[in-house]
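An overview of the molecular structure
Residues per chain are reported as follows:
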Amino acid sequence: MKKIDTFINKHIKWVFSLPALIFMLAMIAVPITMTLVFSLNEWNLLMGTGMKFNWGKNYMDVLSGSEFWQSLAITVYYTTLATVAEMLLGIAIALVLNQNFRGKNVVKTIVLLPYMMAPIAVGLMWMLFYEPSSGLLNYIFTSVGLPRSAFVSAKQTVIPSIAAAETWQMTPMVVIVCLAGLSSLPLDPIEAAKVDGATPIQTFFQVTLPLMTQTLFSIGLLRFIDVFKSFDLIYAMTKGGPANASRTLNLFAYETAFSYYKFGTSSTMLMILFVIVLLLSVGVMKIQRKLVEYYGG
Amino acid sequence: MAVNQYKIRKLLKQVLFAGLVLIIVIPVLFPLYFVLISSFKNMAQVYLMPPKLIRFQPILDNYIYIFKTQHYGTYITNSAIVAVASTALSLLLGVPAAYVIARYKMGKANTAILTARLLPNISILLPYYFIFSKLRMIDTFAVLIISHMVLSMPLIVWIMTGFFQDIPIELEEAAIVDGCSRQRCFKDIILPISTPGLVTCSTLSFLGSWNNFQFALILSGEKTRTLPVSLQYFVSGADIRWGRMLAATIVVIVPTIVLTMILQKYIVQGMTVGAVKG
């Protein structure tokens with residue numbers, strides 16, 4: 001017993017970290033490597049044949065097919081729309097909640113609620129509001145004299161409609177991070193601007209916003225990556241329809257694997273998705289470091 | 001006169017501000033209220049526009065259906081088992097790791113964790129399906145718990161590393177000089193003062209597992225079906241049984257709403273780790 005104790009005491013660094021490291025390696029590094037191997041093989045479960053190495057033909061096929069690029073374009077469109085909406089709304093709400101008022105904590109809790117809910121539940125909830133013939137939103141639209149919308153059942157409106165649900169759910173993340181950023185700002189520059197007679201709007205654009213750059217960049221890129229790889233909400237609302245108009249890369253890869261059982265091709269898409277997200281993540285870390293240097297933390 | 005004008009302006013400002021707060025709060029609360037009351041309505045009432053928002057005859061049929069005909073009691077238990085077990089095991093592995101990462105400044109480990117957090121889940125799901133169907137482990141609690149640990153562990157390590165870094169090292173040094181072993185020092189000194197951090201990451205880990213859909217969709221089956229997966233079965237083509245589905249939705253979201261109301265402070269802390277500090 002004593003011996004074990006001294007051993008742990010001496011090697012605590014590895015005794016404490018190895019179990020977690022080994023678990024994560026086994027559960028993340030190994031599967032990613034497997035996906036890479038799958039992606040280099042012709043492999044269709046329905047054909048009943050095994051894997052057959054095909055020298056990266058999957059990559060050629062995927063990258064030269066129009067379906068992949070269409071899906072990538074949908075993903076980028078959806079991600080940009082949702083991220084921009086979340087950022088603008090998030091900053092605006094954070095500015096309001098940054099004031100001191102009675103019941104602030106209650107309001108913060110309420111704002112947080114959508115973020116904590118299961119995305120699949122949020123998706124189904126919004127399907128109720130989007131119901132084309134007798135849904136709540138079309139009722140409100142017609143009451144105020146707007147034309148009815150088909151929302152998720154038309155090709156033109158499906159992406160903005162899902163992005164709206166995504167925004168409703170995920171804006172709280174931006175609000176919370178911006179609030180923390182705002183409260184950690186130095187007060188002097190803002191006070192100085194006030195003394196110099198700047199209007200609140202001038203102060204915001206010329207003092208607060210530049211001081212918030214680092215926070216905004218981090219959260220913006222994090223949101224972009226999160227939306228880029230999101231699955232649940234779109235799956236709940238449209239499963240990629242109508243006519244593949246909302247089939248993002250994630251859904252396309254899922255469908256290829258679990259509806260058509262083309263594991264090789266699906267793995268190829270997943271590897272491409274993985275590389276895109278990896279590059280974006282490296283971007284996040286690089287930009288974060290640069291900004292820290294630039295603004296001195 | 002001047003004083004009066006000042007008072008009026010101040011009042012006006014307060015009214016305007018209250019209006020702003022309402023504009024923020026209503027778009028969150030009204031949809032939730034609408035879903036809640038719709039879960040107590042039958043199909044015809046759900047479709048009735050303008051909707052009856054306050055005075056309608058609430059019915060319990062939807063809830064009776066999902067608990068009696070469907071097996072929502074079992075699904076709740078399944079979800080709870082997976083969420084509690086995956087959180088507990090992730091804490092067991094993740095918290096000590098976070099401690100040494102913070103104390104020995106293992107920067108590479110930190111980058112690896114961040115990468116793991118940003119990884120698209122689906123790119124590891126395909127091999128999981130392959131491996132676990134070979135091992136005949138699909139539709140077991142073990143596989144669901146393990147897969148959810150992959151999601152919660154990076155989160156726990158990330159939050160706790162930040163938390164441990166803020167604990168002054170002098171606290172331990174004194175104890176170690178007095179002959180206390182490092183692991184006892186961790187157990188007796190560090191862990192007790194880390195309760196807020198532990199509450200934060202346990203809550204987020206529990207909710208992440210409770211809400212998880214994608215892993216459970218592929219890796220669960222009839223025996224281990226969790227709540228989020230059960231929701232999709234209400235949608236068959238264009239026909240959605242709204243009342244029943246909304247009752248099920250309420251069952252899924254009520255625990256998360258209750259937890260958020262009780263633990264808001266901790267959740268907010270967890271969400272801002274790393275995002276602001278950089």
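Definitions and cut-offs
Residues numbered from 1 in each chain as written. Chains lettered and ligands numbered in written order. Predicted model: local features only at pLDDT ≥ 70, side-chain atom pairs only at ≥ 80, totals over all residues. Heavy atoms only, no water. Helix = DSSP H or I, 4+ residues; strand = E, 2+ residues; numbered from the N terminus. Rg over C-alpha atoms; globule rule 2.2 N^0.38 Å. Buried < 20%, exposed > 50% of the residue type's maximum accessible area, 1.4 Å probe, protein only. Contact = heavy atoms within 4.5 Å. Areas by Shrake-Rupley, 256 points an atom, 1.4 Å probe, with all protein chains shown as cover. Lys, Arg positive; Asp, Glu negative; His and termini not counted. Charge placed at Lys NZ, Arg CZ, Asp CG, Glu CD. Buried area = accessible area lost by both parts, 1.4 Å probe. Salt bridge = Lys/Arg side-chain N within 4 Å of Asp/Glu carboxyl O. Polar contact = N/O pair within 3.5 Å; in protein donor to acceptor, adjacent residues only side chain to side chain. Core = buried A, V, L, I, M, F, W, Y, C linked by side-chain atoms within 4.5 Å. Domains from an automatic or database assignment. Phe/Tyr/Trp six-rings, centres within 6.5 Å; stacked < 30°, edge-to-face > 60°. Lys NZ or Arg CZ within 6 Å of the ring centre and 35° of its normal. Patch = residues over 30% accessible without salt bridge, like charges linked within 9 Å, V, L, I, M, F, W, Y side chains within 5 Å. Nonpolar A, V, L, I, M, F, W, Y, C, P; charged D, E, K, R; others polar. Expected span 1.5 Å × (residues − 1). Bend = angle between axes of the 7 residues up to and from the residue.

1. Overview of the overall build of chain B
Summing up its helical and strand segments, chain B has 13 helices and two strands in all. Taking 278 residues into account, the globule formula puts the C-alpha radius of gyration at 19 Å, and chain B, at 24 Å, lies well above it. When the backbone C-alpha atoms are referred to their principal axes, chain B occupies close to 80 × 70 × 30 Å. Looking at chain B as a whole, 50% of its 278 residues are labelled buried. Contacts spanning at least 24 positions in sequence make up 75% of the contacts within chain B whose residues lie at least 6 apart. Approximately 13300 Å² of chain B is accessible, and the part contributed by carbon and sulfur atoms is 66%. Distance between charge centres in chain B, computed from 23 positive and 10 negative side chains, equals 13 Å.

2. Digging into the overall build of chain A
Scanning chain A for helices and strands turns up 14 helices and two strands. In terms of its C-alpha atoms, chain A occupies a principal-axis envelope of roughly 75 × 75 × 40 Å. With 297 residues in all, chain A has 53% of them scored as buried. If you take every contact in chain A between residues at least 6 apart in sequence, the share linking residues at least 24 apart comes to 67%. When the accessible surface of chain A is summed, it comes to about 14200 Å², and 67% of that surface belongs to carbon and sulfur atoms. For chain A, the distance from the average site of its 20 positive side-chain charges to the average site of its 14 negative ones is 7 Å.

3. Overview of the interface of chain B and chain A
Listed per partner, the contact involves 84 residues of chain B and 81 residues of chain A. Summed over both sides, the interface of chain B with chain A buries roughly 7700 Å², with 83% coming from carbon and sulfur. It is Leu 118, Leu 126 and Met 271 of chain B in chain B that bury the most area against chain A; as a group they hold 10% of the surface buried on that side. Counting every contact that joins chain B to chain A gives zero salt bridges. Our count for the chain B to chain A interface comes out at 13 residue pairs in polar contact (both at pLDDT 80 or more). If you tally residues by element for the side of chain B that touches chain A, the top one is helix α13 (residues 242-272) of chain B, at 15 residues.

4. Things to note about the nonpolar core
In this structure, Trp 126, Phe 129 and Met 237 of chain A together with Tyr 72 and Phe 164 of chain B are the most contacted members of the largest nonpolar core, which totals 174 residues. Each of two domains, domain 1 (2-38) and domain 2 (72-272) of chain B, supplies a minimum of three residues to this core. Not counting chain neighbours up to four residues away, the residues in contact with Trp 126 of chain A comprise Leu 137, Ala 165, Trp 168 and Met 237 of chain A.

5. Concerning the packing of aromatic side chains
The relation between two aromatic rings is expressed through the spacing of the ring centres and the mutual angle of the planes. Under the definition given, this model contains 35 aromatic pairs over all chains. Measuring from centroid to centroid gives 5.1 Å for Phe 16 of chain A and Phe 186 of chain B, while their planes differ by 65°, and the two rings are edge-to-face. You can see Phe 16 of chain A sitting in helix α2 (residues 12-39) and its partner Phe 186 of chain B sitting in helix α9 (residues 182-193), one on each of two chains. For the pair Phe 16 of chain A and Phe 186 of chain B, one class covers both residues: buried. Centre to centre, the rings of Trp 43 of chain A and Phe 130 of chain B are 5.3 Å apart; their planes meet at 90°, and the pair counts as edge-to-face. Linking Trp 43 of chain A in the loop between β1 (41-42) and β2 (52-53) with Phe 130 of chain B in helix α6 (residues 122-134), this pair reaches from one chain into another. Taken together, Phe 38, Trp 43, Phe 231, Tyr 235, Tyr 254, Phe 258 and Phe 263 of chain A together with Tyr 129, Phe 130 and Phe 213 of chain B form an aromatic cluster joined through their ring pairs. A cation sits over an aromatic face here: Lys 239 of chain A above Tyr 235 of chain A, 4.9 Å from the ring centre. Sitting over the ring of Phe 56 of chain B, Lys 41 of chain B keeps its end group 4.9 Å from the ring centre.

6. Quick word on a nonpolar patch on the surface
There is a patch of nonpolar side chains on the surface, built from Trp 14, Leu 18, Leu 21 and Ile 22 of chain A and spanning about 370 Å² of accessible area. Looking at where Ile 22 of chain A falls in the secondary structure, it is placed in helix α2.

7. Some thoughts on the side chain of Ser 71 of chain A
Along the chain, Ser 71 of chain A falls in helix α4 (residues 66-97). Apart from the residues within four sequence positions on either side, Ser 71 of chain A is in contact with Arg 247, Thr 248, Leu 249 and Phe 252 of chain A.

8. Focus: helix α7 (residues 136-143) of chain A
For α7 of chain A, every residue scored as buried is listed here: Leu 136, Leu 137 and Asn 138 of chain A. Looking one or two residues beyond α7 of chain A, the residue adopting positive phi is Gly 145 of chain A, at roughly 85°.

9. Quick word on the domain arrangement of chain B
Frequently, the measure chosen for interface size is the accessible area removed from exposure when the parts meet. All names here are of chain B. If you check the domain split of chain B, you get domain 1 (2-38) and domain 2 (72-272). On a C-alpha basis, the centroid separation for the pair domain 1 and domain 2 is 37 Å. Taken together, the contacts link four residues of domain 1 with four residues of domain 2. Both faces combined, the contact of domain 1 with domain 2 buries some 350 Å², and carbon together with sulfur accounts for 90% of it. Per-residue buried area on domain 1 facing domain 2 is highest for Leu 32, Val 35 and Ser 38; these three make up 82% of the total on that side. For the pair domain 1 and domain 2, the interface holds zero salt bridges. Grouping the constituent residues of the side of domain 1 that touches domain 2 by class yields three nonpolar, one polar and no charged.

10. Digging into helix α4 (residues 72-103) of chain B
With 32 residues, α4 of chain B ought to run about 46 Å at 1.5 Å a step, and its terminal C-alpha atoms sit 45 Å apart, in line with that. Of all bends in α4 of chain B, the biggest is about 30°, found at Leu 91 of chain B.

11. Points about the side chain of Asn 62 of chain B
Within the secondary structure layout, Asn 62 of chain B lies in helix α3 (residues 61-69). At a separation of 3.5 Å, a polar atom in the side chain of Asn 62 of chain B contacts the main-chain amide nitrogen of Arg 244 of chain B.

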